[in-house]
Amino acid sequence: MWLKVLEYKCVLKNSFKNDSERAETLNYNFDGLNISESLFRQENKRAKEYKTHFQNEIAAIKH
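This one's a predicted model, so the numbers in the text were calculated from it and none came from an experiment. (Residues numbered from 1 in each chain as written. Predicted model: local features only at pLDDT ≥ 70, side-chain atom pairs only at ≥ 80, totals over all residues. Heavy atoms only, no water.)

## Observations regarding the overall build of the chain
Move 1: A count of helices and strands for the chain gives 3 helices and 0 strands.
Move 2: Order of helices (α) and strands (β) in the chain, N terminus to C terminus: α-α-α.
Move 3: The C-alpha atoms of the chain give 12 Å as radius of gyration, which agrees with the globular expectation for 63 residues (11 Å, within 12%).
Move 4: In terms of overall dimensions, the chain has C-alpha extents of about 25 × 25 × 20 Å along its principal axes.
Move 5: By the burial criterion, 21% of the 63 residues in the chain qualify as buried. (Helix = DSSP H or I, 4+ residues; strand = E, 2+ residues; numbered from the N terminus. Rg over C-alpha atoms; globule rule 2.2 N^0.38 Å. Buried < 20%, exposed > 50% of the residue type's maximum accessible area, 1.4 Å probe, protein only.)

## Let's talk about the environment of asparagine 18
Move 1: Looking at the element boundaries, asparagine 18 is found in the loop between α1 (2-8) and α2 (19-29).
Move 2: By relative accessible area, asparagine 18 is classed as partly exposed at 36%.
Move 3: Taking C-alpha positions, asparagine 18 is 27 Å from isoleucine 61, a pair spaced 43 residues apart along the chain.
Move 4: Separated by 2.8 Å, the side chain of asparagine 18 and the backbone nitrogen of glutamate 21 make a polar contact. (Polar contact = N/O pair within 3.5 Å; in protein donor to acceptor, adjacent residues only side chain to side chain.)

So yeah, pure geometry; function would need other evidence.
Written as structure tokens, this is what we have:
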């Protein structure tokens, strides 16, 4: 969900060929992040509950 918010807020402007590229790009751009490509293969239903929170946090660091 937060990746969708990053893309929506234009924080990430990349076009990704696959899940591996998504994971590599995010790990590179966010210190301390260590995610694998497998996290993008299934939608996390619980993450939808945090969509507004993610949007607010990203808006705060974008300015």
